[in-house]
Amino acid sequence: MNGKISFGAIAILVVGAVLAWGILNMDKPKPGLDEPGSSLAQGKELSVQRGKHGGWLFVEQDFQVEVKIFEDGIPPQFRIYITSSEQVNLDEINLNIVLKRLDRTDTIGFKPSGDYLLGDQVVAEPHSFEMIVNAKWKGQNFQWKLSQIEGRAEFSPEAIQNAGLVFKKAGSGKLVTKIRLPGVIGLNEEKVVHIVPRVDGVVKKVFKDLGDQVSRGEAIAILESRELADAKIDYLTNTKQADMAGADLDREIQVFENTQRMLDLLEKNLDPEEIYRQLKDLVIGKSRELLIPVSAKLRLAKSIHLREKGLLEKGISSESEYLVALEDYKSTEARYIALRERISYDGAWSLRQKKKTLEIDQLNLKTANQKLLALGLTPEEVDHLLEQDEQHFTRYELRATLDGTVIQKHLTTGEAVKKDDDIFLLADLSEVWVNFAIPEKELKKVHLGQKVLFEGGLNTAKLSYLSSIIDEKTRTVTGRVVIPNKKRDLRPGGYVTVELVLGERKVPVAVEPDAIQSFRDWSVVFVKYGSQLEARPLELGENDGNRVEVLQGLKAGEQYVAKNSYAVKAEIEKSGATHSH
């Protein structure tokens, strides 16, 4: 052979190598449609053949399966067209499609419908899934895989942070039905006071200017008023008269009580010396001087009468002497009784007169006191008038009657003012009114106590007033709320927009309005599963500006992009993951 290999030997070696390669690779499966090396896995649509119905065409030997998503005028559904070199009876085909989505797996079965197999459920949007087609025919099993991705993009943690994406979990929410109404800020008229002098006078000093804060009881100006001086003098005069009337009444009560004691002692028929002794230090007055001598005469006349009666009975004295003694006794007794009655009556009458005088003087004093209080003096100032120098009698201090702000001022130093001049206007600006016009057509839904939102919903108040009159020109009714204004940033006369809440209801699923984007012909949010963000078509309900009701398409607990969702939409559109079936 001389070290040379013959041509036949080379041919044998080549054939052997080919046979060996064939044996080694005959059992290896072809690359799957979603595996590395498959053009479908790389998202290249041209690698998928299309059938005559426009669907995906899968071929194994001479068995062909065309998968079509049909959605012309009906909800999307799978239609499967089967062709083969042999006669195909659709009833003999056992086929299903498994759709692996981000959040679930759908298995769709099929049954014959004319010349195709029809899926038993709607192919829900989005049509973004890993699809596995499983078929069995005449004892042979077939399987094909396809990656159908649309409306989906992958975001790394860094990309999420750079895009400023904010995620929230879908859940229940409260939808608020409300109407936006223009409002006008006004003063709380229940906390506005007009300051008038109440007396004629001349302005001596002014302590407060426009915009200054005042406290209740604080002096804001000083006037000089002769009218005030007259009122003070009248008060002091009546005070002295009332004091004197009180002293007179006290003495009259003492005299009356002592007189009654004297009358009682005289009735007891005591010894005159004893009566004098008991009445010696008592203040009785003229009644003592009148009654006691008459009482003594009565005692004497009585004793003479009794003596003459005894002598007559013994025959010692004549009847004429007895009759003279009896007449003297009876006449003295009559004078005594009359005098007692007069003293008793005069004492009671004098007591009533003194009481009446005191009551009149006290009434005059109260009137003078009320006049000073009405002029603005405090009870303490009135009580200390007696200690006040006469030169201060004309000094009138004008005081604030609430805690608030000076919003109007109409006086200057040296100016003469009248008692009814409106010289200061004070307002408590810690609360303001907001009045707004409610359209007549909304009145059936409006009632007192309803919630009113303002400043973008950050603050709330309750409808506290609803006018009973409809404006003839605007066909509206005035509503009002009282709003806290501690920072004084709400200025009367300014305009605000309020939202009158007509009703509230809770819904199972609601999302942020900013989360919703338009994608194709859908309203979508982008749900998050791992690093994947996918457009989720939604059927939406009511939108109150803060929450949007989701009727279908999103489950409670799913994470969605609540803020900067436009960045996700832009990324998906840039990636070209579009509708392609």
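None of these values were measured; they are calculated from a predicted model. (Residues numbered from 1 in each chain as written. Predicted model: local features only at pLDDT ≥ 70, side-chain atom pairs only at ≥ 80, totals over all residues. Heavy atoms only, no water.)

(A) View of helix H6 (residues 319-374). With 56 residues, H6 ought to run about 82 Å at 1.5 Å a step, and its terminal C-alpha atoms sit 82 Å apart, in line with that. The positive-phi residue at the C-terminal boundary of H6 is Gly 376, with phi of around 110 degrees. (Helix = DSSP H or I, 4+ residues; strand = E, 2+ residues; numbered from the N terminus. Expected span 1.5 Å × (residues − 1).)

(B) How the structure looks around the packing of aromatic side chains. Tallied over the entire structure, the rule returns 7 aromatic pairs. Among the aromatic side chains, those forming a connected cluster through ring pairs are Phe 58, Phe 63, Trp 137, Phe 142 and Trp 144. One cation-aromatic arrangement involves Arg 79 over Phe 70; the distance from NZ or CZ to the ring centre is 3.7 Å. In this structure, Lys 528 packs its charged tip against the face of Phe 167, placed 5.6 Å from the ring centre. (Phe/Tyr/Trp six-rings, centres within 6.5 Å; stacked < 30°, edge-to-face > 60°. Lys NZ or Arg CZ within 6 Å of the ring centre and 35° of its normal.)

(C) Structural view of the packing of helix H5 (residues 286-314) against H6. Following both chains from N to C, one finds H5 and H6 inclined at 155 degrees, their axes separated by 8 Å at the closest point. It follows that H5 is roughly antiparallel to H6 by the angle criterion. Of the two elements, H5 crosses H6, and the hand of that crossing is left-handed. (Axes fitted to C-alpha atoms, helices over the stretch in contact; angles between N-to-C directions. Parallel < 35°, antiparallel > 145°, perpendicular 65-115°, else oblique. Left-handed = near helix turned anticlockwise from the far one by under 90°.)

(D) Structural detail: the nonpolar core. Core analysis: the largest hydrophobic core is formed by 30 residues, its most contacted members being Leu 372, Tyr 396, Leu 398, Phe 424 and Leu 426. Residue assignment for this core shows that the elements contributing at least two residues are strand S12 (192-195), strand S15 (219-224), helix H3 (226-267), H6, strand S16 (395-399) and strand S19 (424-427). For this core, the element with the most residues is H3, which contributes 5 residues. With residues near it in sequence (within four places) discarded, Leu 372 still touches Leu 228, Ala 231, Lys 232, Tyr 235, Leu 377, Val 382 and Leu 385. Membership of the second largest hydrophobic core comes to 28 residues, among which are Ile 82, Leu 90, Met 131 and Leu 146. (Core = buried A, V, L, I, M, F, W, Y, C linked by side-chain atoms within 4.5 Å. Buried < 20%, exposed > 50% of the residue type's maximum accessible area, 1.4 Å probe, protein only. Contact = heavy atoms within 4.5 Å.)

(E) Representation of the packing of H3 against H6 within the structure. Between H3 and H6, the least distance of the axes is 8 Å, while the angle of their chain directions is 160 degrees. Put simply, H3 runs roughly antiparallel to H6. At the point where H3 passes H6, the crossing takes the left-handed sense. The class makeup of the residues in the contact of H3 with H6 is 18 nonpolar, 13 polar and 10 charged. (Nonpolar A, V, L, I, M, F, W, Y, C, P; charged D, E, K, R; others polar.)

(F) Just the sheet that holds S16, in detail. Across the sheet, which stays open at both edges, the 4 strands sit in the order S16-S15-S13-S18 with antiparallel pairing between neighbours. Each edge of the open sheet carries a strand with a single partner, namely S16 and strand S18 (416-417). Sheet topology places S15 next to S16; 5 bridges connect them, and they run antiparallel. Within S16, the position partnered with Ile 222 by the bridge is Glu 397. (Pairing = 2+ DSSP bridges.)

(G) Structural view of the environment of Leu 90. Within the secondary structure layout, Leu 90 lies in the loop between strand S3 (77-83) and strand S4 (94-100). Assessed through its relative accessible area of 14%, Leu 90 is described here as buried. Distance in space between the C-alpha atoms of Leu 90 and Gln 77 is 18 Å, their sequence separation being 13 residues. Not counting the four nearest positions on each side in its chain, Leu 90 is found in contact with Ile 82, Pro 112, Gly 114, Asp 115, Tyr 116 and Leu 117.

(H) Up close: the pattern of salt bridges. For the structure on display, the rule yields 33 salt bridges. For the salt bridge of Lys 174 with Glu 504, the shortest nitrogen-to-oxygen distance reads 3.8 Å. One end of the pair, Lys 174, is in strand S11 (residues 171-187); the other, Glu 504, is in strand S24 (residues 495-511), with 330 residues separating them in the sequence. Judged by relative accessible area, which is 41%, Glu 504 ranks as partly exposed. A salt bridge links Lys 208 to Glu 218; the shortest N-O distance between them is 3.0 Å. Here Lys 208 is found in the loop between strand S13 (201-206) and strand S14 (213-214), whereas its partner Glu 218 is found in the loop between S14 and S15, with 10 residues between them in sequence. (Salt bridge = Lys/Arg side-chain N within 4 Å of Asp/Glu carboxyl O.)

(I) Geometry of the pairing of S15. Of all 6 residues in S15, 5 are buried; the element is thus mostly enclosed. By the bridge criterion, 4 bridges tie S13 to S15 in an arrangement that is antiparallel. Paired with Lys 205 across the strands is Ile 222, a residue of S15.

(J) View of the sheet that holds S3. As summarised here, the arrangement of the 8 strands in space is S1-S2-S3-S6-S5-S4-S7-S8, forming an open sheet in which the pairing is antiparallel. Of all strands in the sheet, those with a lone pairing partner are strand S1 (56-60) and strand S8 (140-148), marking the two edges. The sheet shows a mean angle of 20 degrees between the axes of neighbouring strands, taken without regard to direction. Bridge count between strand S2 (residues 63-70) and S3: 7 bridges; the pairing is antiparallel. For Lys 68, the partnering residue across the bridge sits in S3 and is Arg 79.

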